[in-house]
Amino acid sequence: MGTVSHPNPLHCVQAPSTLATVTPADAAPSPRETIRIRPALDALPAYVPGRPPADDGIQRYKASSNESPFPPVQAVRDALVAAIDGLNRYPDMGARALREALGAEHGVDPAQIAVSTGSVAVTGDLVRALVDAGDEVVFPWRSFEAYPILVGMHGGTSVRVPLTAEHALDLDAMAAAVTDRTRLILLCSPNNPTGPALTTEQIESFLARVPEDVVVAIDEAYREFVDPEVAPDTARLFAEHANTVLLRTFSKIHGIAGLRIGYAVAHPRLARALTQVAMPFGAASLAQTGALACLQPAARAELAERAAALRAERRRVIEALRAQGWEVPDSQGNFVFLDLRERSGEFADFADARGLVVRAYGDDGVRVTIAETEANDRLLEIAAAWRELS
Ligand SMILES: *Cc1c(COP(=O)(O)O)cnc(C)c1O
């Protein structure tokens, strides 16, 4: 990465792509392609990943992808190093050890745990298991940008339901959006990128209004960042409602986003269907090993401390931003949302020039990950400077 000085290797993201070194002059001319690509792909939005820090000598913090600012815990490192020796073998396709551990954790049969390459892949599996061409998937918007891509890629129709004025899921409008073509509803809680979380009561009364043959997936990618006193009892809701499914990931608080592993807790028929459509060997052996290591008691304790520290930082940042005069939604995730509307891109550039990489969402707003304390302090400085100049 050339001349950039990064005191913490975490800030130095993404090696240059080798593809970039092939200039058009070196490349052989391509024969003319007459193959037919599915027209559905023309309408797919592109997934825009969080920007990596630019390589221009300014030391930057990456607060654009909701990653953990901490490196993997020691137990994960040790387990991964030990597992390298087995890399000549395919992974356990049934991810037996991991599913047993997760089954015990969630109080379900291991057969009810569906594991794949990140919970994005599991969400794609849900669409493939449930949605035929023309069937509808209802989700909030703005929300996780993978949703419309996964739905469209598998031939479904996205039904985007706008958030409330407080940037929370509008469950009344979502219930009203259900038709007899609806097969799946995605509830993102806490909602990425805006932050509000649903309560047990809200989800329960929503479930009462949704037909029992429509699957309601609760995407809990940020579950560990929710203040314990308001965290919804999704385990009970799952146990009582046969049409619910919980989505979890090891990419956020567990700090192994690079390994790509996530899972669903599903009722038996859906779990079987998810296994049928899952990519064979999708959960790599190192990913399974890393996830299992996160579930060991010492690792859990350390991850719980990190979650508590990030929650405290989130509180500190939100209070300070409000004191500066910002209107900040009540985030329960490891991120905050600034309602900057049409000035979102401008703010992202402003922050970038001052050493903080954030994520702008069109004309909706800017999401900033709660990261290491210095990065959070930098956000507060930048936010104050912006208000002074605007
Ligand atoms: C980050 C995130 C995920 C996790 O995706 P992985 O594929 O497991 O890395 C899932 N849902 C939401 C809403 C997210 O923000």
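Residues numbered from 1 in each chain as written. Predicted model: local features only at pLDDT ≥ 70, side-chain atom pairs only at ≥ 80, totals over all residues. Heavy atoms only, no water.

### Re the UniProt feature "domain: Aminotransferase class I/classII large" (unreviewed entry) in the chain
Our working rule: UniProt positions are given in the numbering used here, feature names are shortened, and annotations may be inferred rather than shown by experiment. The secondary structure listing takes helices from DSSP runs of H or I that are at least 4 residues long and strands from runs of E that are at least 2 residues long, numbered from the N terminus.
When the UniProt feature table is mapped to this numbering, "domain: Aminotransferase class I/classII large" (unreviewed entry) covers residues 64-375. Along residues 64-375, the helical share is 40% and the strand share 17%, with 11 Å between the first and last C-alpha atoms.

### Thoughts on the pairing of strand 4 (residues 157-162)
To be explicit about the condition: By the convention used here, strands pair only if DSSP detects at least 2 bridges between them.
As paired elements, strand 3 (residues 136-141) and strand 4 share six bridges and run parallel to each other. Residue pairing in the sheet places phenylalanine 139 in a bridge with arginine 160 of strand 4.

### Remarks on the pairing of strand 2 (residues 113-116)
The following threshold applies: Relative accessibility under 20% of the residue-type maximum defines a buried residue, over 50% an exposed one, and the middle range a partly exposed one, all with a 1.4 Å probe and only protein chains included.
The alternating pattern of strand 2 places Ile113 and Val115 on one face and Ala114 and Ser116 on the opposite face, and all of these are buried. Judged from the four bridges that link them, strand 2 and strand 8 (residues 262-265) form a sheet pairing that is antiparallel. Residue pairing in the sheet places alanine 114 in a bridge with alanine 264 of strand 8.

### Focus: the sheet that holds strand 9 (residues 335-338)
Put simply, the rule reads: Axes, fitted as lines to C-alpha atoms, cover a helix only where it is in contact. Angles between the N-to-C directions of the axes lie from 0 to 180 degrees.
Here we have three strands laid out as an open sheet, ordered 9-12-11, and antiparallel in their pairing. One side of each edge strand has no neighbouring strand; the edge strands of this open sheet are strand 9 and strand 11 (359-361). For this sheet, the mean angle separating the axes of adjacent strands, direction not counted, is 25°. Relative to strand 12 (residues 365-369), strand 11 runs antiparallel, the two being bridged by three bridges. Note that in strand 12 the partner of arginine 359 across the bridge is arginine 367.

### Looking at the site of the ligand
The test is simple: Only a single heavy atom is needed: when it lies within 4 Å of a molecule or strand, its residue is near that molecule or strand. Pairing of N or O atoms within 3.5 Å defines a polar contact, subject to two protein rules: one partner must be a possible hydrogen donor and the other a possible acceptor, and residues neighboring in sequence count only if both atoms are side-chain atoms. Surface accessibility follows the Shrake-Rupley procedure with a 1.4 Å probe radius. Residue values consider only the protein chains on display as shielding. Points on a 1 Å grid over protein atoms alone make up a cavity when a 1.4 Å probe fits among them but cannot get out, and a pocket when they form an open set with protein on both sides within 12 Å along at least five of seven lines; lining residues each have an atom within 4 Å of a point. Each molecule is assigned to a cavity or pocket provided more than half of its atoms lie within 2 Å of the corresponding grid points.
Among the 13 residues in the neighbourhood of the ligand, the closest are listed as Ser119, Tyr222, Thr249, Ser251 and Lys252. Contact between the ligand and serine 119: an oxygen atom at 2.6 Å from a main-chain N or O atom of the residue. In this structure, an oxygen atom belonging to the ligand sits 2.6 Å away from a side-chain N or O atom of serine 251. Across the complex, the protein chains shield 94% of the 390 Å² of accessible surface that the ligand would expose by itself. Cavity membership is defined here by more than half of the atoms lying within 2 Å of grid points; on that basis the ligand lies in the largest pocket.

### So, the domain arrangement of the chain
Rule in force here: Note that domain bounds follow an automatic or database assignment of domains. Between two residues, a contact is recorded if the distance between any of their heavy atoms is within 4.5 Å. Summed over both partners, the accessible area (1.4 Å probe) lost when two parts come together is defined as the buried area. Any carboxyl oxygen of Asp or Glu that lies within 4 Å of a side-chain nitrogen of Lys or Arg is treated as forming a salt bridge with it.
Each assigned domain of the chain is listed with its residue range as follows: domain 1 (51-66 + 299-389) and domain 2 (74-295). Relative placement of domain 1 and domain 2: their C-alpha centres are 25 Å apart. Facing the 25 residues of domain 1 at the interface are 27 residues of domain 2. Ranking the residues of domain 1 by area buried against domain 2 places Arg300, Leu303 and Gln332 at the top, with a combined share of 28%. A salt bridge links arginine 314 to aspartate 227; its shortest N-O distance comes to 3.2 Å. Linking domain 1 with domain 2 are 14 residue pairs in polar contact (both at pLDDT 80 or more). Residue assignment for the side of domain 1 that touches domain 2 shows that the elements contributing at least two residues are helix 10 (297-324), strand 9 and strand 11.

### A word on the layout of surface pockets
For clarity, the cut-off: Grid points are joined across faces, edges and corners, and a volume is the space filled by probe spheres set on the points. Any residue outside Ala, Val, Leu, Ile, Met, Phe, Trp, Tyr, Cys, Pro, Asp, Glu, Lys and Arg is labelled polar, Gly included; the first ten of those are nonpolar and the last four are charged.
Reported here for the largest pocket is a volume of approximately 610 Å³. Together, 28 residues line the largest pocket, and Tyr47, Ser65, Phe144, Lys252 and Arg260 are the ones closest to its centre. Elements with a minimum of two residues in the lining of the largest pocket: helix 3 (118-130) and strand 11. Of the residues that constitute the lining of the largest pocket, the class distribution is 10 nonpolar, 10 polar and eight charged. Shared between two domains, the lining of the largest pocket takes at least three residues from each, and those domains are domain 1 (51-66 + 299-389) and domain 2 (74-295).

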